[in-house]
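Each chain is listed here by its residues.
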Amino acid sequence: MAVAEAPVQAFTVTLIIRRFDPEVDEEPRWVDYDVQMYPTDRVLDALHQIKWEQDGSLSFRRSCAHGICGSDAMRINGRNRLACKTLIKDLDISQPIYVEAIKGLPLEKDLIVDMEPFFESYRAIQPFLIASDKPYKERIQSVAQRAIFDDTTKCILCAACTSSCPVFWTDGQYFGPAAIVNAHRFIFDSRDEGSQVRLDILNDKEGVWRCRTTFNCSEACPRGIEVTKAIAEVKQAVLRGNPGLPRLDLTVV
Amino acid sequence: MATSTAIPAPNTRQLKRRRVNWEMWGWLYMRVSGVLLVVLIFGHLLVNLFLGDGVKAIDFAFVAGKLADPFWVVYDMLLLWFALIHGANGMRTIINDYAHGRLRIVFLVALAGATIVLLTLGTLVLTTFDPCIGEPSATLAPLCAAQ
């Protein structure tokens, strides 16, 4: 005889959210909300419940809600996380959960920041394939050549890394980890011919040398990219003067 | 009427290439001098505080004895220059992080001044040190009399 499973208990979770309405507030203010949550719910579900059932004025970004679009990066209990990937059961719910906008970018409303400075430095590193040959046929690349920059292809541009970087907080000119990660993705791509241009750009005063190796970015990345390692590899490439890529070897082992 | 769809060229901002990239050399210096300082500082601590009579051995005569040996003069000179510039460069980075505008310039000038004064004084002491200036202590008196 099958034993009926006990129904999963919902419990009350308190969220304290840093609210800011530029038309009313002089300064941001902390507001607390109680929500009924299941352990398998995410912080995003709690935000939805608040917005849909308690206070429709709460503003935050989210698109896919499944950790791919990179819209809902926010500071949850002092750490940069994606609200859609942070489960309630992984947080200490005996304490209130503090949620605020990511730091270092201009606050627009509640959990929404102006992402323009972030994308400006992203555009500056020329995040597109630069190749002189006409694309009449496939550009061949070996598995080993692809593996070198595999990690940095995972970036979803959520800004969790850049807005966790203390250098970025104090120095608005610094490219920030995300831009360097995306430069890494092309610098170490054997099909790309613009690595010298990008290495020159990142050899700037506000380029890779501002990185203090605090590892905040690696810790914050929701995609698990080893950001600090990627920055270190770019530093080495700048010192060497080239990315030092292996030759094409298609021998099947 | 013909309509043109002008697509602006991708961002190709040209960076002024400086002859010397100080930011890169500064970073590299911190790494290289950091490794050297690990050796130099632990050697310094070992000889001064651990070997022989340990920390109790340190007095004017101990320092005078060390500086009579050219090896230790060179050793201390390396330690002085590497450590002071390493520290000053670190302070420069912190100032660049946290101070802005005129305050930043004031701090940087003060830092540069302090570094130059300390390097000059330290180098002067190491190169012109004479244990017999003034009234020599009891341990050094026979040595100085012999000179």
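The structure presented is a predicted model; accordingly, all values stated were derived computationally and were not measured.

> Mind laying out the confidence of the model for chain B, listing which residues take part and the relevant values?
Residue and element names in this part refer to chain B. When pLDDT is averaged across chain B, the result is 85; 82% of the residues are at 70 or more. Within chain B, helix 5 (residues 141–146) has the poorest average pLDDT of any element, 72, and helix 4 (residues 101–128) the best, 95. Reported for the predicted complex are a pTM of 0.84 and an ipTM of 0.75.

> Give me the pattern of salt bridges: which residues, what numbers.
All names here are of chain A. A complete count under the given rule lists 19 salt bridges over all chains for this structure. Arg-81 serves as the salt-bridge partner of Glu-219, at 3.3 Å between the closest nitrogen and oxygen. Here Arg-81 lies in strand 4 (residues 79–82) and Glu-219 lies in helix 7 (residues 216–220), a separation of 138 residues in the sequence. By relative accessible area, which is 40% here, Glu-219 ends up partly exposed.

> Tell me about the interface of chain B and chain A, residues and numbers included.
Listed as interface residues are 18 residues of chain B and, on the opposing side, 19 residues of chain A. Overall, the association of chain B and chain A removes approximately 1700 Å² of surface from exposure, summing both partners, and the carbon and sulfur fraction of that is 52%. Between chain B and chain A we count two salt bridges in total. Here Arg210(A) makes a salt bridge to Asp97(B), at a shortest N to O gap of 3.9 Å. There are two residue pairs in polar contact (both at pLDDT 80 or more) connecting chain B and chain A. Of all the secondary-structure elements, those providing two or more residues to the side of chain B that touches chain A are helix 1 (22–50) and helix 3 (70–98) of chain B.

> Tell me about the nonpolar core, residues and numbers included.
Counting 72 residues, the largest nonpolar core has Leu15(A), Ile17(A), Leu47(A), Leu202(A) and Val234(A) as its most contacted members. In this view, Ile17(A) contacts Arg29(A), Trp30(A), Val31(A), Tyr33(A), Leu47(A), Ile50(A), Leu58(A), Val99(A) and Leu111(A); residues no more than four positions away in its chain are not counted. In this structure, Leu37(B), Leu40(B), Tyr75(B) and Leu79(B) belong to the second largest nonpolar core, which totals five residues.

> Run through unusual backbone geometry, naming residues and quoting values.
Residues and elements named next belong to chain A. The backbone phi angle of Ala-65 is positive, close to 65°, even though this residue is not glycine. Locating Ala-65 in the fold gives a position in the loop between helix 1 (43–54) and strand 3 (73–76). Judged by relative accessible area, which is 9%, Ala-65 ranks as buried. One non-glycine residue, Ala-159, lies in the positive phi region at around 75°.

> Outline the domain arrangement of chain A, supporting the account with residue identities and numerical values.
Where interface size is given, it is often the accessible area lost as the parts come together that is meant. Residues and elements named next belong to chain A. When its domains are assigned, chain A resolves into domain 1 (11–113) and domain 2 (116–133 + 140–240). A separation of 28 Å is found between the C-alpha centroids of domain 1 and domain 2. Roughly 1200 Å² is buried in total at the junction of domain 1 and domain 2, and carbon and sulfur atoms are behind 57% of that figure. If you sort the residues of domain 1 by the area they bury against domain 2, Asn-80, Lys-103 and Leu-105 come out on top, with a joint share of 36%. Counting across the interface, domain 1 meets domain 2 through two salt bridges. At the junction of domain 1 with domain 2, the criterion picks out five residue pairs in polar contact (both at pLDDT 80 or more). Broken down by secondary-structure element, the contributors of at least two residues to the side of domain 1 that touches domain 2 are strand 3 and strand 4.

> Describe the sheet that holds strand 2 (residues 29–37) of chain A, listing the residues and the values that go with them.
Each strand in a sheet pairs with another by means of backbone hydrogen bonds, the pair being arranged parallel or else antiparallel. Residues and elements named next belong to chain A. Within the open sheet, the five strands sit side by side as 2-1-5-3-4. Their pairing is mixed. Either end of the sheet is taken by a strand with one partner, and the two such strands are strand 2 and strand 4. When strand polarity is set aside, the average angle formed by the axes of neighbouring strands in this sheet is 35°. Here strand 3 runs beside strand 5 (residues 97–100); their pairing, made up of two bridges, is antiparallel. Pairing of Ile-76 across the sheet is with Val-99, part of strand 5. Seen against the sheet, helix 1 touches strand 1 (11–19), strand 2, strand 3 and strand 5 and runs at an angle of roughly 100° to strand 2.

Rules behind the numbers
- Residues numbered from 1 in each chain as written.
- Chains lettered and ligands numbered in written order.
- Predicted model: local features only at pLDDT ≥ 70, side-chain atom pairs only at ≥ 80, totals over all residues.
- Heavy atoms only, no water.
- pLDDT = per-residue confidence, 0-100.
- Helix = DSSP H or I, 4+ residues; strand = E, 2+ residues; numbered from the N terminus.
- Salt bridge = Lys/Arg side-chain N within 4 Å of Asp/Glu carboxyl O.
- Buried < 20%, exposed > 50% of the residue type's maximum accessible area, 1.4 Å probe, protein only.
- Contact = heavy atoms within 4.5 Å.
- Buried area = accessible area lost by both parts, 1.4 Å probe.
- Polar contact = N/O pair within 3.5 Å; in protein donor to acceptor, adjacent residues only side chain to side chain.
- Core = buried A, V, L, I, M, F, W, Y, C linked by side-chain atoms within 4.5 Å.
- Domains from an automatic or database assignment.
- Pairing = 2+ DSSP bridges.
- Axes fitted to C-alpha atoms, helices over the stretch in contact; angles between N-to-C directions.

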